Amino acid sequence: MNVLLCSINTLKGLYDISGVEVGQHFYWQLGGFQVHAQVLITSWVVIAILLGSAFIAVRNPQTIPTAGQNFFEYVLEFLRDVSKTQIGEEYGPWVPFIGTMFLFLFVSNWSGALLPWKRIQLPHGELAAPTNDINTTVALALLTSVAYFYAGLSKKGLGYFSKYIQPTPILLPINILEDFTKPLSLSFRLFGNILADELVVVVLVSLVPLVVPIPVMFLGLFTSGIQALIFATLAAAYIGESMEGHH
């Protein structure tokens, strides 16, 4: 009987961890603004993880790298390859931006899947990956849009805007609409995939034993990493496109 009760309590705990609260937020009042506190808290944790990892990486660099240094150098090389492939030979100044985007999204997505955020009770809402809030994905997409325009203007000056009337001025509205829909598509692609993954797990936990949802949760780790890579790759591609001046 005790074993059965322990099993039921364990399953209940796992069910609670996999639950999702939709439309609930824990608000902080900062000056005249109302912010989603749970997003700030989890974002600070993600930033702390990234800063801690960076400190470990540069604390004691060796000429012959150790296992840990090898890992960080591999990550840097990977990010440089992504930037160079999409942007071209002028990729150098954009590696920090693309790398920051990828690492923040990757750690955010994985923190939502691996850390037991839902065990921490809030007055309203729940702690989850920062990318579970569409405000986060919109902010990252807008940063990409700003970088996109900055890259084009810094390379070509005001002549950058001539692309909107090429190959014919008739395409001006379509070219403008294309530029403004890029961040929108980035935002909804990332937010939609992360939210859909969580909802699938919740439904499976409600309908079938945990032997089925648990492998799906691990699959979610893989797909969340892919989402971070897709976002970073598209951001680099948009920047490279603005510098080249063609669609």
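Everything numeric here is computed off the predicted structure, so don't read it as measured data.

(A) Here's a closer look at the pattern of salt bridges. Within this structure, the stated rule accounts for 2 salt bridges. One salt bridge in this structure joins arginine 80 and glutamate 77, with 3.9 Å as the shortest N-O distance. Taken together, the residues arginine 80 and glutamate 77, both in helix α3 (residues 67–87) and 3 residues apart, mark about one turn of the helix. A relative accessible area of 39% means that glutamate 77 is categorised as partly exposed. The closest approach of N and O atoms between glutamate 90 and lysine 155, which form a salt bridge, is 3.1 Å. One end of the pair, glutamate 90, is in the loop between α3 and α4 (95–114); the other, lysine 155, is in helix α5 (residues 134–156), with 65 residues separating them in the sequence.

(B) How the structure looks around the nonpolar core. Formed by 32 residues in total, the largest nonpolar core has its most connected members in Ile87, Trp94, Ile98, Phe231 and Ile239. Considering every element that reaches this core, the biggest residue donor is helix α7 (residues 213–244), with 8 residues. The residues touching tryptophan 94, leaving out its near neighbours within four places in the chain, are Ser83, Ile87, Ala147, Tyr150, Ala151, Ile239 and Met243.

(C) Just the confidence of the model for the chain, in detail. Per-chain confidence: the chain averages 76 in pLDDT, with 74% of residues scoring 70 or above. Long-range and interchain partners of residues 1–22, a stretch whose pLDDT sits below 50, account for 22 contacts in this model, where long-range means more than four residues apart.

(D) Examining α3 more closely. The first and last C-alpha atoms of α3 sit 30 Å apart over 21 residues, in line with the 30 Å expected at 1.5 Å per residue. The complete set of buried residues in α3 reads Gln69, Val75, Leu79, Val82, Ser83 and Ile87. Buried residues in α3, looked at end-on, bunch into an arc of 155°, giving them a common side. Within α3, the exposed residues directed more than 90 degrees away from the buried face are Ala67, Tyr74 and Thr85. Once α3 ends, the next one or two residues include glycine 88, with phi positive near 105°.

(E) A look at the packing of aromatic side chains. This structure, assessed with the given rule, holds 7 aromatic pairs. When the ring of tryptophan 94 is compared with that of tyrosine 150, the centres are 6.2 Å apart and the planes differ by 65°; the resulting orientation is edge-to-face. Remark: tyrosine 150 occurs in helix α5 and tryptophan 94 occurs in the loop between α3 and α4; sequence separation between them is 56 residues. Among the residues examined, tryptophan 94 registers a relative accessible area of 11% and is labelled buried. Here the aromatic rings of tyrosine 148 and phenylalanine 149 are separated by 5.3 Å at their centres, their planes lie at 80°, and the arrangement is edge-to-face. A single burial state applies to tyrosine 148 and to phenylalanine 149, both of which are buried.

The rules behind the values
Residues numbered from 1 in each chain as written. Predicted model: local features only at pLDDT ≥ 70, side-chain atom pairs only at ≥ 80, totals over all residues. Heavy atoms only, no water. Salt bridge = Lys/Arg side-chain N within 4 Å of Asp/Glu carboxyl O. Helix = DSSP H or I, 4+ residues; strand = E, 2+ residues; numbered from the N terminus. Buried < 20%, exposed > 50% of the residue type's maximum accessible area, 1.4 Å probe, protein only. Core = buried A, V, L, I, M, F, W, Y, C linked by side-chain atoms within 4.5 Å. Contact = heavy atoms within 4.5 Å. pLDDT = per-residue confidence, 0-100. Expected span 1.5 Å × (residues − 1). Arc of directions from axis to C-beta. Phe/Tyr/Trp six-rings, centres within 6.5 Å; stacked < 30°, edge-to-face > 60°.

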